[in-house]
Amino acid sequence: MITQYVEEIPEGKSHPDFTRKPIALTIQEGKFAFFKALVIGDPEPTVTWGRNNGDVSDTSKYVTKYDPATREHLFEMAKVKPEQADTYKCFAVNEFGRAVVTVVLNVIEVGFKKAQADSHVLPEAAVADFKSVLKRKSKILPKMEKKDGEIDPKFWELLISADKKDYESLMLEFGVTDFRFMLKTLNEMKKEREEEQAQFIQNLANLKPIEVGPDGCATFTIDMDLIEQSSRIFLYKDGVMIPYSKELGDAMKHSLKIVGRKYQFSIRDLFPDDAGLYQVDVEDVNVFSTDFKIPMVDFLVKIQECKAMEREDAVFECVLSQPFGKIMWVGKNLPLEAGVKYDIEVSEDKLIHRLIIKDVAMVDKGIYAAVAGIKSCNAFLVVEADKGEPGKKKQRKTTRAGGAGVDLTAIAQEQAVKNTADREVLMEKVKAIKEERAANAPAAPKTSAEAKAKAKVVEASQTGAPKQGPAVKGSHHKSLDNEGYSIKSGLSDLFALRGKKGELVCEMSHEVDGAWFKDGEKLSTTDGIAIVKDGTRHMLTIHNSSEDDTGVYHFEAGGFKSEAKVTVGEVPGFDADDLHKFSKPVTVKVGQNASWKMPYTTQDNLEVKWFKDGKELKDGGGVKLVKEVSHSRLLLRECLRSDAGEIKIQLKNPFGTIEATSRLIVLDKPGPPEGPVEILETTSTVIELQWGAPKDDGGSPVTNYIIERQQLGQTVWKKMGDVAADKTTYRDRNVVHGKLYIYKIFAVNPEGTSDALQTEETMAGILIFAGRPGAPKVVSASKTCINLKWEPPEDDGGIKIDGYQLEKRKKDTAQWIALNPVTEPIEVLEYAVKDVVEGAEYEFRVSAINVSGAGEFSLPSVMVTAKNPNMRPTFKDPEDFMVIRAGNSVRIKVLYEAEPPPEITWMKDDETVSSFIQIINTEGCSQLVIPSTKRSDSGNYTIVAKNKVGEASFDIEVLVTDEPKPPGAVELEQIVHGKVIVSWEASPDQELDNRLYYMVAEHDSTTRMWHTVADRIFDNSYTANNIMPGREYHFKIYAKNDMGMSDPSMSPTWGINSNRIPINTNTPVEVSFETPPSVLVPLKVHSPPKGFQMYMTCAIRGCPTPSVTWHLNNVCINGDSNYYITNSYGVCSIYILRVRHEDAGEYKVVAVNSFGKAECSTKLVVKGKPLKILISIIEVMSVLIISLIISLIFSLCFFLHRLNHIDELPWRFSSALLDSM
């Protein structure tokens, strides 16, 4: 609210006002609360703060600050308490007014204070609500540890809010394997949770987990309909309630935005410790849980600014510190996806990420960013216009711009090695900790064989091996001790090539005998298998591997077992014919698609990869990869020249790798010839050029070169000829000495013509300048312009003169100043110099310009002074008449020309003007100003201008007037039949305004519309013609002038019995047709079937025309949309499109005018079913046709009535016709 102390504020001053108001705040008890305000006003307002229920003088609780840098007024409360919740006010005061704004502070209590409970007796409902707040706690308590064998409660909270597609990943993460148990428990928990939520929530949907957006904020959203909008919403992180704001936006880290039924929580300024379990509760019921995981990744190489030409590809690339499957690319604050416009590439080690923007245009420029976890980097894309030939479509370029500018592969490899080393160190530490724990653990009792067996069973169940004893599989095992024995190195899965030797090795900690098994059957040395024991090493060798050797092998020794799987197979292979066909190069033109297909033998665990120039191709963008059971396809869309290179397919399985290679050849027009162009010779008759072959021949040899030429100053390019591909020189013999030429050189191959290589301006021969022109002569001079002319040079050197360059020099200076550049020659032999200073003296010189340039300057002209010649005063297009409204100001402005400046005199009606009138004289202009005019200021004003050369004068008539007063009384008189003389008293302004005149308007009783019958009447009478007997006439008289029109003066009524001259008795006597309403044709009874249409009509007459209303069961139905009612010249009709049972009843028509009332009625009976559909349709159509005929007859009767020639015959005819209906 703003209160202004004064009625008018001085210019440049202002009362206080808030440009930024404090915003309402809801905050947790014990947190730091503050309000901000920005205030304007001149002089600077004084800002104070207050609250509704209490004061803010305690500086330990309330601190007021002002920041001069940001001009912000702050009101701070450290460790806010519940009793500080209140409505606060901010006051801004200066000498011109006061501004006040209010803001609410809400404090969320997190504990119960006994002193408060003792000192305040709360109502029962309030106590219950308060207890519910005290009972509120998160479903996941902070730092809660699960018991051994139990499932982490966090798993169930996430599972309730998760989508079904995420169940499997959550089970893997938390180590849950029993899917049926999980579903059963989840359904029970969901049912219980939904019952709890039903107390506060009507509907809950679209639970979207937390994710980092393009703006760097983490957000999660839910769609929720609350039963009570006042229900409290709480936000928890890892079981601890955190404050958030609904309005502060960037002022707090956590915020809630509500749009309709959508609730969006945001977390800004992300840090690693923001990771955790976030939960949303409504009152004391959990609604949503989501786990925020922040990967520990950073940018080793950030994306760099990229400058690209139009139609070129732009590249942004970066290197991460840890492998990352997919990062987010953002352009202009929008996420980017691989497609027609963008390619997104990721290296095999997932450290190098690359964004390719294809075929960039001017609209693509802006800021692009890479986002990995909570880390991001950004850079600009600058697009430079391709300044090719105007009006010609720019060609698609095959080059790429941008990149990191460093060897990303080397950096990524170095980081991968470092990551591997760090991982190994971490694994060693974990292993050492496990071994230390195992060594410090108490020894298990060995009192009986049963105890040993139980120990073995437990050990087996923990490792996933059969229950016969401990099992170790592969190299990932832990050392197991049993009576001094352990497996030092277990078996590893073996992939053996068919027909080759395969070997399994198991090493024990001590020398002990053991046994080998395959698929549970014990093995011994045979022709195909050799079992060897070498100390602690036990080896099984398969001499010639075959399909029969495939199976699960295990070695048992000392109560321990180690197993591995042996698979026999072959390295993938290609058919020789398919390989020969694939190895042939694929040749396409630019913009076309290239495709390859490679068949192969169907195998398990077969991995197929495609490479281009050693770089793996990924599906997406312009690359389409298809892998079928027996073949794989590669499609490259809209190939560019840069896509040319080696194409390779790689098949890989556990037994080995095989590759096949092809090539892609992309044909395009060649690149431009290599420049710059060297001028080998230039004479007056020949110019010889030389250039280099293009760097890129477009995939096919250059066949020839095309030479074009343009003469400087012309717009046409002329083809000079073709040059063979093996020759890169051209001699132009068709040149004119002294002319400048520009050449374009194009390279041509079978695919098209290249862009042009353009030369600089080249002159044929040496420079020849024109001779000296004649000295400039002064034609005329004024204070603003000096006109010059000169003669052309006698010797032009045989070269056409293109124009002239003119220079000036001011007297007493040595500097000559060019008035036009050489590139903009003066094409005529004269020039008007306007860049002069009044009273200064100048001299001028001129030089001729040809293709060689400007020649020698002429002799200087004589000194000339920039001043006007003496002249008699003259006036420039002044106004000779002005009309001004009384009370307004008048300004008479007159422009003149005279040299020397004249003496100005103003007169009114041949007398000197009053001293109250202002006269303003400036150079070339004189003004007469009257601030507030009166009628007495009207008159003839004369301006007189006089100097030593002569004198001139001019008269201006000024009329000061106002809107006229209305005329006096109006009188009417009739002397001749059919004419009335209208006379009136003059307006009081008639004597004061000689331009006043009158206008007469008339209306009669038949038309009842006013229309102007006479205008611009300068006397006080008017004769009205065509006055008809039996009609009433009225007249309005207006006074008009240049300011407008007065109010009208009304005449008395001229009519039937007033002011008429005696009428000749031989004149026919008029007959009055004014009659009360009567029913000519009454309504008839109708019985239509239900659903059929129905039409009723009757005929009414009366004068004046009666008002007709329809009634159904004594209820007016004129406004009911179910009935279509018409009244055409007395024929009253009602139409029902589809008859209903509700339409049955008594229908009545009531006609009323000023002389009486008439009515008629009938009954409508609705039948249940139609009897004869055709008969009903014919009846309705007949009624419609008859009604149309009656309407036409009544129209004719009405027309005859107007002409006073009507009799009863038409009415009787129409009545008889209606009676027949």
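Residues numbered from 1 in each chain as written. Predicted model: local features only at pLDDT ≥ 70, side-chain atom pairs only at ≥ 80, totals over all residues. Heavy atoms only, no water.

With that out of the way, let us pick up the overall build of the protein. Within the protein, the regular secondary structure consists of 10 helices and 87 strands. Buried positions account for 39% of the 1221 residues belonging to the protein. Partitioning the intrachain contacts of the protein with sequence separation of at least 6 by distance along the chain shows that 63% fall at a separation of at least 24. A total accessible area of about 69500 Å² is found for the protein, and carbon and sulfur atoms account for 51% of it. (Helix = DSSP H or I, 4+ residues; strand = E, 2+ residues; numbered from the N terminus. Buried < 20%, exposed > 50% of the residue type's maximum accessible area, 1.4 Å probe, protein only. Contact = heavy atoms within 4.5 Å. Areas by Shrake-Rupley, 256 points an atom, 1.4 Å probe, with all protein chains shown as cover.)

Summed over all chains, the structure comprises 23 aromatic pairs. Their ring planes at 45° and their centres at 6.4 Å tell us that phenylalanine 875 and phenylalanine 954 sit as a pair that is tilted. Of this pair, phenylalanine 875 sits in strand β63 (residues 871–875) while phenylalanine 954 sits in strand β71 (residues 951–961); the two residues are 79 residues apart in sequence, bridging distant segments of the chain. Phenylalanine 875 gets classed as buried once you look at its relative accessible area, which sits at 18%. (Phe/Tyr/Trp six-rings, centres within 6.5 Å; stacked < 30°, edge-to-face > 60°.)

We now examine the nonpolar core. Formed by 29 residues in total, the largest nonpolar core has its most connected members in Phe220, Met224, Ile233, Val282 and Phe292. The set of elements that each furnish at least two residues to this core consists of β10 (201–212), β11 (218–226), β12 (233–237), β15 (262–267), β16 (276–282), β17 (285–292) and β25 (366–372). In terms of residue count, the dominant contributor to this core is β11 (five residues). Listed in part, the 25 residues of the second largest apolar core include Leu336, Val360, Ala372 and Ala401. (Core = buried A, V, L, I, M, F, W, Y, C linked by side-chain atoms within 4.5 Å.)

Before going further, it helps to examine the sheet that holds strand β50 (residues 729–732). Spatially, β46-β47-β50 is the arrangement adopted by the three strands of the open sheet, whose pairing is antiparallel. The open sheet terminates on both sides in strands that have one partner only, identified here as β46 (674–682) and β50. Between one strand axis and the next, the sheet turns by 20° as a mean value, whatever way the strands run. Strand direction decides the pairing type here: β46 and strand β47 (residues 687–692), joined by five bridges, are antiparallel. Across the sheet, the residue bridging to glutamate 681 is glutamate 688, located in β47. (Pairing = 2+ DSSP bridges. Axes fitted to C-alpha atoms, helices over the stretch in contact; angles between N-to-C directions.)

Moving on, we come to the pairing of strand β43 (residues 631–636). The pairing of strand β39 (residues 594–599) with β43 spans six bridges and is antiparallel. Note that in β43 the partner of proline 599 across the bridge is histidine 631. Pairing of strand β42 (residues 623–627) with β43, which is carried by five bridges, proceeds in the antiparallel orientation. Bridge pairing in β43 places valine 626 opposite arginine 633. A loop of three residues connects β42 with β43, the two strands running antiparallel in sequence.

Now for helix α3 (residues 153–161). Burial within α3 is extensive, with seven of its nine residues counted as buried. Regarding α3, the residues found buried are Phe155, Trp156, Glu157, Leu158, Leu159, Ile160 and Ser161. Summarising the contacts, the buried residues of α3 are in contact with α4 (167–174), α5 (179–197), β10, β16 and β17.

The tally for this structure, following the rule as stated, stands at 53 salt bridges. The shortest N-O distance in the salt bridge between arginine 193 and glutamate 196 comes to 4.0 Å. Linking arginine 193 with glutamate 196, this pair stays in helix α5, spanning three residues, or about one helical turn. For arginine 193, a relative accessible area of 8% gives the class buried. For lysine 237, the salt bridge goes to aspartate 238, with nearest N and O atoms at 3.6 Å. Each of Asp223, Asp225, Arg261 and Lys262 takes part in one network of salt bridges that share partners. (Salt bridge = Lys/Arg side-chain N within 4 Å of Asp/Glu carboxyl O.)

Relative orientation of the contacting elements α3 and α4 amounts to 170°, with a least axis distance of 11 Å. For the element pair α3 / α4, the angle class is roughly antiparallel. Residues Lys154, Phe155, Leu158 and Leu159 of α3 touch α4, and the partners they reach there are Tyr167, Leu170, Met171 and Phe174. Each residue belonging to the contact of α3 with α4 can be placed in one class, and the counts come to seven nonpolar, no polar and one charged. (Parallel < 35°, antiparallel > 145°, perpendicular 65-115°, else oblique. Nonpolar A, V, L, I, M, F, W, Y, C, P; charged D, E, K, R; others polar.)

Another aspect to go through is the confidence of the model for the protein. Residues with a pLDDT of 70 or more make up 88% of the protein, whose mean pLDDT is 82. In this model, residues 1204–1221 is a region of pLDDT below 50 whose contacts with residues beyond four sequence positions or in other chains number 34 contacts. (pLDDT = per-residue confidence, 0-100.)

A surface patch of nonpolar side chains, about 240 Å² in accessible area, is lined by Ile367, Phe380 and Val382. By the element assignment, isoleucine 367 lies in strand β25. (Patch = residues over 30% accessible without salt bridge, like charges linked within 9 Å, V, L, I, M, F, W, Y side chains within 5 Å.)

Our next topic: the packing of α3 against α5. Where α3 meets α5, the closest approach of the two axes is 10 Å, and the angle between their N-to-C directions is 70°. What the angle tells us is that α3 and α5 run roughly perpendicular. Where α3 approaches α5, its residues Phe155, Trp156, Glu157, Leu159 and Ile160 are matched on the opposing element by Phe181, Met182, Thr185, Leu186, Met189, Lys190 and Arg193. For the contact of α3 with α5, the residue count by class is eight nonpolar, one polar and three charged.

The strand order across the open sheet built from five strands is β19-β26-β25-β21-β22, with neighbouring strands paired in mixed fashion. Taken across any chain shown, the strands that pair with only one partner, and hence form the sheet edges, are β19 (306–309) and β22 (334–335). As defined by bridge partners, β25 adjoins strand β26 (residues 375–384) across seven bridges and the pair is classed as antiparallel. The residue of β26 that forms the bridge with valine 371 is serine 376.

For the rest of this paragraph, the subject is the environment of arginine 935. Counting through the fold element by element, arginine 935 comes out in the loop between β69 (925–930) and β70 (939–946). Residue arginine 935 is classed as partly exposed on the basis of its relative accessible area, which comes to 27%. Among all residues touching arginine 935, those that are not within four sequence positions of it are Val960, Thr961, Asp962, Asp989 and Leu992. A polar contact is formed between the side chain of arginine 935 and the side chain of threonine 961, at a distance of 3.5 Å. (Polar contact = N/O pair within 3.5 Å; in protein donor to acceptor, adjacent residues only side chain to side chain.)

Here the focus is the environment of leucine 159. Note on placement: leucine 159 falls in helix α3. Between the C-alpha atom of leucine 159 and that of lysine 190, which follows or precedes it by 31 residues, the distance is 9.6 Å. Beyond its immediate stretch of four places on either side in the chain, leucine 159 contacts Tyr167, Leu170, Met182 and Leu186.

On the secondary structure map, histidine 631 appears in strand β43. Setting aside chain neighbours within four positions, we find histidine 631 in contact with Lys597, Met598, Pro599, Tyr600 and Val626.

Along an α-helix, residues three or four apart share an orientation, since each turn contains 3.6 residues. Inspection of α4 places Tyr167, Leu170, Met171 and Phe174 among the buried residues, and these make up the whole buried set. Along the long axis of α4, the arc covered by the buried residues comes to 100°, so they all point the same way. In this structure, α4 carries Glu168 and Leu172 as exposed residues pointing more than 90 degrees from its buried face. Residues of α4 that are buried sit in contact with α3 and α5. Of the residues flanking the end of α4, it is glycine 175, one or two places downstream, whose phi is positive at about 75°. (Arc of directions from axis to C-beta.)

Moving on: a positive patch on the surface. Together, Lys581, Lys584, Lys597 and Arg633 make up a region of like positive charge exposed at the surface. When you line up the elements, lysine 597 lands in strand β39. (Lys, Arg positive; Asp, Glu negative; His and termini not counted. Charge placed at Lys NZ, Arg CZ, Asp CG, Glu CD.)

Among the secondary structure elements, valine 1079 is positioned in strand β80 (residues 1075–1081). Measuring from C-alpha to C-alpha, the distance between valine 1079 and valine 1149 comes to 9.5 Å, with 70 residues separating the pair along the chain. Setting aside residues up to four positions removed in sequence, valine 1079 forms contacts with Ala1099, Ile1100, Ala1158, Glu1159 and Cys1160.

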